[in-house]
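A look at the structure
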Amino acid sequence: MKRSRPPALDVELTQLAAFKSGRTHREINDDRHSYQISIYGRECTRRLINSNVLVSGMEGLRCEIAKNLVLAGVNSVTIHDESDVTLWDLSGSFIFSEDDLGKNKAMASIAKLQEINNSVLISAKTTVLVKEELRDFQVVVFTNTMLEKAVEFNKYCHQHQPPIAFIRADVRGLFASVFCDFGPKFTVFDVNGEDAYSSCAYILKETRSRTAVSIVHPSPDDLGFRAGDKVVFSQIRGMEGLCDGRPRVISTSSGKNFCIEEDAMNYSVISPCGGVKKVESKELMFKPLHQALYNPGDFSNNGGSLYHHLAFQALDEFIGKLRRLPFSGFEGDAKIIIDIFVDINNRLPVDRRVSINRKLLRDFAFGARAVLSPMATIFGAIVGQEALKACSGKFHPFFQFFYFDSIESLPSESLNSEDLKPMSSRYDAQISVFGSKLQKKMEESKIFVVGSGTLGCEFLKQVALMGVCTGDSGKLTITDDGFIEASTIARQFMFSDQNIGQLKSNVAASAALLINPRINVQALQNRACPDSEDVMDNWFWEDFTVVINALDNIKEQYVDYINKRCLYFRKALLDSATLGSKCRTRTIIPCLTDNSSASLDRLRNYEYLRSVYERPLNMEHCLSWAKSQFDILFDKTPNEANRYLTNPHEYLAAMRHGIEAKYTLHNVHVCLEDHLTCDTFSDCLSWACHKYHQYFVHDIMMMRLVNFDKATFAFVRPIEFGLDEATLEFIKAAAILRSTSFGIPIPSWVDDDYMMSQAVGKVVTPKYEVNKETCFRFTTEPRADDATLVNEIVPKLEISRGKVAADFRMHPIQFDKDGDRNYHMELVYSLASFRAKNFGIDSFKMCPARYFFRQTNSRVDASRPIASGLVCLELYKVIDGKDKIESYRNTCVDIAVPSLSTSQPLPPTMTQFKGINWTVWKLWELGGDKMLEVLIHDLSKVGITVATVAFGHHRVIYNSLKDEHQERKQRTLPDLVRQFARADLRGSRYFYVVVSCYEDIVLPLIRIRNLDGNLFA
């Protein structure tokens, strides 16, 4: 059962305009549009939700464009197509099924698009479109449109007042093109998607006509503010006229200061400190298609090249002459396109002509009829995002042409006409590009997809459309331990309101079967981590052809675990990650490429971190600080404590040399000590009161003492403890989360304000003494005595561990901003509000606070399908068995700039140690009848001192530091693995062990055979 939707509309556009008029001025609904606000901001969201978009045509590319527009929540989407669904369409579009064959494409798509978002008005037009009908739209998108018609529509849009944004896009096999014309003058309000440069300002009155501004925390690399930049001020009390949101132009800039032309002499300054932020905007002047086509400009800043530009011109001329697309595998059509290309090239000035690559043009012609699912997914997202840029003014659009190809995805074997013949199947379009042999390989593949959230569902959609894992031996396994939440529905096309509370993997598997009933899919409900190795054992991993990592918005430790598993079992790994407007993909092929982990963590500059932790400038800084405190108290420290309690000796050995060892070990020690004195909810209340005094009284007084000579801290004030509503909300939220973390029952009276105030009033809090000796807590730089401090903490930890029960474990809490009364946001918001009050910063309500965390973790909707499509282009290569590193690509994309860059993966790093060379993919072998001491001895002969031996990466079977492990040297490795790793080795010809050593090197895996053998053979 899907979401309710309005009835499908099949109306003329003149009638539709009247119907839409009642929705012209939609207002923002904070709940419904929270996700859009977190990405685009309120003003851009207002423009977005009042925009009407036309998408002409409904084959695979246009289905993806429409899907992304509907997910984004524009006012209306009108679908135009005069043709019917054919078998050819099924390999490129998730919208159509075999039941839709023979139906009009526009009409067949309405119901499924409406299910994605019932707040968007979706309508269809099935008759011929004329240019005058475009006047009711802010954006029009055309695909598979003949050049002369596109030029006619574009001229009308360019000359219309106001201009109508025009986009023309096409996917032709493994080639794609995009053209954008947003009018003679288009303003971009955010040119790169990055946070505008901001800092702490200190106002220095100078003259009646000019105000000098000093930057308190300049970046060590760059001032960031230059003459001519526009800036806005905030949070300067007594100078509200300067903080009116109106941009001021910097007249002069030098060193740590700049000046603006502003009379500030009449302001009564209460606090001269506040925030200053750079305002970035840009105006673009687009040319219409008929002009840009023959004067495309420089391709260095856009994707593609002049070669692509001429190839698509040749195809347009072919279609104009023959009124059809070229046939796949037909050499006659390919020759015509090559001849047209040569003719166009010869008409260019000599210095602009390109060399002729006949094989590339032949491949281009052969695949021109096909719309492949990965290409449609990538460019459906890109073009959809370009339409949203035109609607909102957010992010820089393509200017004006963009081209892309993935010609290296073609099979290694040369294809003949017989390979490309259609087989009357739903995969005929794909077969026309890759041939029937590769199609058969894809059908028999075995693939493991880790994660079935928004990113994972994009993979499942494409795998289903590509026909992967649909053969008798094929199998698609997906796993995810998460449940569907209401907050994720707005970003999803596979889940609906009726699925809330259900397991993601189960619902995603069912949705994949609806797209392609032939797919062999198995859904698991396990997180891929060491705790699940009883399910995902050796035989489980050995079964797969390739692993696809779809862990979006999850801790790096799980991504690293998948990476290590693929290294251990020598499996290809296709990895991807998204962050804001960015995404990247990474291809790891056994023995060919490096497998080192890469991360897309947001990079924050030095000044931002100082602002968050030392001198916040705004409520956003306070929220960042509050979230970090939540993570330390309830997530990171409990996890670290559990790791320590589970394996204390190994944990301490690993932690002693860590950068944050003293802080982490100190927090773990305090946590265990607190457990010994925290038995009841009243104890948790007492702890929460102590935390209030620490954060908002004691630490603030110390901060003032340390920074007594800095003007920016002159107005910092501690907050006295009271029993007001805000304080009680903080105490309640902190105490409840503390109880949950320690497994302490929560009494029913916590929601009774009177009883809560009575209980809090009985808490006795200590008097804190502030002196310079205690101020070292605010020193984060490494100290000479760090090692000494660690050595002092370790014995205390051991004593605390001896006091707690052997089976005691804490309950870590991961921050969830959208939970219904889980007290996560209540605590973080209270922490941030009180800190803002400490620093004289204006606070805001809970709802904008939620926006902040959605923005911090949000991905632009287009980034996920782009990443998944790029990964699936690599999937073709992996299944084909390409064995040259030159065939594979890593990709980095930033939709906001925009840019799409590809690079060849790096080869594996070679380690050299005392005459022995190896990479991480190298295998050393040893006979299974050998004792552990043989392994240790063989390694010692080349200067390697064994520290630990593990089965897998986590089940340690030998630790050189433990006396009780020394007797294990006299046993064979299979015996040790069976007993201490509890592994079933029956039927196994070999297994692997991971050896760590005291030398600063990473050793290769060691394979244990059942035959005699020597190490390094």
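All values derive from a computational prediction rather than experimental measurement. (Residues numbered from 1 in each chain as written. Predicted model: local features only at pLDDT ≥ 70, side-chain atom pairs only at ≥ 80, totals over all residues. Heavy atoms only, no water.)

Overview of the side chain of threonine 637
Checked against the element boundaries, threonine 637 lands in helix H20 (residues 619–646). The exposure class of threonine 637 is buried, given its relative accessible area of 8%. Sequence-distant contacts of threonine 637, defined by excluding residues within four places in its chain, comprise Asp631, Ile632, Asn667, Val668 and Cys671. (Helix = DSSP H or I, 4+ residues; strand = E, 2+ residues; numbered from the N terminus. Buried < 20%, exposed > 50% of the residue type's maximum accessible area, 1.4 Å probe, protein only. Contact = heavy atoms within 4.5 Å.)

Comments concerning the pattern of salt bridges
In the structure shown here, the tally under the stated rule is 46 salt bridges. For aspartate 481, the salt bridge goes to arginine 527, with nearest N and O atoms at 3.3 Å. With aspartate 481 in the loop between strand E17 (475–479) and helix H15 (486–489) and arginine 527 in the loop between strand E18 (521–524) and helix H17 (538–542), the pair connects residues that are 46 residues apart, well separated along the chain. On the basis of relative accessible area, arginine 527 is assigned to the partly exposed category, the value being 25%. What emerges from the salt-bridge pattern is a single network uniting Glu64, Lys67, Glu458 and Lys461. (Salt bridge = Lys/Arg side-chain N within 4 Å of Asp/Glu carboxyl O.)

Here's the deal with the pairing of strand E23 (residues 899–903)
Moving residue by residue along a regular strand, the side chains alternate between the two faces of the sheet. Both strand E22 (residues 890–894) and E23 contribute to a ladder of five bridges, which runs antiparallel. Each residue of the ladder has a partner; that of threonine 891, found in E23, is threonine 902. With antiparallel pairing between neighbouring strands as the criterion, E22 and E23 make up a hairpin whose turn holds four residues. (Pairing = 2+ DSSP bridges.)

Some details on the sheet that holds strand E29 (residues 990–997)
Pairing within the open sheet is mixed, and its five strands lie in the order E26-E30-E29-E27-E28. One side of each edge strand has no neighbouring strand; the edge strands of this open sheet are strand E26 (923–927) and strand E28 (955–959). On average, each strand axis in the sheet is inclined to that of its neighbour by 30°, with strand direction left out of account. Here strand E27 (residues 946–951) pairs with E29 via five bridges, running antiparallel. Within the sheet, the bridge partner assigned to valine 949 lies in E29 and is valine 995. Packed onto the sheet, helix H31 (residues 973–980) meets E26, E27, E28, E29 and strand E30 (1005–1009) and runs at close to 125° relative to E28. (Axes fitted to C-alpha atoms, helices over the stretch in contact; angles between N-to-C directions.)

Some thoughts on the packing of aromatic side chains
Inspection of the entire model under this criterion finds 42 aromatic pairs. Plain terms: the ring middles of phenylalanine 182 and phenylalanine 186 are 5.1 Å apart, the flat faces sit at 65° to each other, and that makes the pair edge-to-face. Its relative accessible area of 3% is what places phenylalanine 182 among the buried residues. With centroids separated by 5.2 Å and ring planes inclined at 80°, the aromatic side chains of tyrosine 692 and phenylalanine 721 adopt a geometry described as edge-to-face. (Phe/Tyr/Trp six-rings, centres within 6.5 Å; stacked < 30°, edge-to-face > 60°.)

Here's the deal with the sheet that holds strand E19 (residues 546–549)
Spatially, E18-E17-E16-E19-E20-E21-E22-E23 is the arrangement adopted by the eight strands of the open sheet, whose pairing is mixed. Each of the sheet's edge strands pairs with one partner strand only, and the pair in question is E18 and E23. Sheet twist, expressed as the mean angle between neighbouring strand axes with direction ignored, is 10°. Pairing geometry for E19 and strand E20 (residues 572–579), over four bridges, is parallel. Bridge assignment links asparagine 549 to a residue of E20, and that residue is aspartate 575. The sheet contacts of helix H29 (residues 863–880) involve strand E16 (446–450), E19, E20, strand E21 (582–588) and E22, and relative to E20 the element is tilted by about 165°.

A word on the side chain of arginine 62
Note on placement: arginine 62 falls in helix H4 (residues 60–72). Not counting residues up to four positions away in its chain, the partners in contact with arginine 62 are Val55, Ser56, Gly57, Asp81, Thr143 and Asn144.

What about a negative patch on the surface?
A grouping of Asp724, Glu725, Asp752 and Asp753 is seen on the molecular surface, where their side chains present a negatively charged patch. Within the element layout of this structure, aspartate 753 appears in helix H25 (residues 753–761). Assessed through its relative accessible area of 55%, aspartate 753 is described here as exposed. (Patch = residues over 30% accessible without salt bridge, like charges linked within 9 Å, V, L, I, M, F, W, Y side chains within 5 Å. Areas by Shrake-Rupley, 256 points an atom, 1.4 Å probe, with all protein chains shown as cover. Lys, Arg positive; Asp, Glu negative; His and termini not counted. Charge placed at Lys NZ, Arg CZ, Asp CG, Glu CD.)

Here we look at the nonpolar core
Counting 119 residues, the largest nonpolar core has Phe379, Ile866 and Leu875 as the members making the most contacts within it. Looking at which element gives the most residues to this core, the answer is helix H11 (residues 373–392), with 11 residues. If near-sequence neighbours (up to four positions away) are discounted, leucine 875 is found in contact with Ile447, Val463, Met466, Val468, Val546, Ile548 and Leu574. In terms of nonpolar packing, the next biggest core, distinct from the first, is built from 67 residues, Met619, Ala734, Val804 and Leu827 among them. (Core = buried A, V, L, I, M, F, W, Y, C linked by side-chain atoms within 4.5 Å.)

Comments concerning the packing of H20 against helix H22 (residues 661–677)
At a minimum axis distance of 9 Å, the contact between H20 and H22 shows a crossing angle of 90°. Judged by the angle between their axes, H20 and H22 are roughly perpendicular. Mapping the contact onto sequence places Ile632, Lys636, Thr637, Glu640, Ala641, Tyr644 and Leu645 in H20 and Thr664, Asn667, Val668, Cys671 and Leu672 in H22. Here the residues of the contact of H20 with H22 sort into seven nonpolar, three polar and two charged. (Parallel < 35°, antiparallel > 145°, perpendicular 65-115°, else oblique. Nonpolar A, V, L, I, M, F, W, Y, C, P; charged D, E, K, R; others polar.)

Considerations on helix H16 (residues 504–515)
For H16, spanning 12 residues, the distance from its first C-alpha to its last is 17 Å, which sits close to the expected 16 Å at 1.5 Å a residue. Listed in full, the buried residues belonging to H16 are Lys504, Ser505, Val507, Ala508, Ala509, Ala511, Ala512 and Ile515. The inward-facing, buried residues of H16 abut helix H14 (454–466), E17 and E18. (Expected span 1.5 Å × (residues − 1).)

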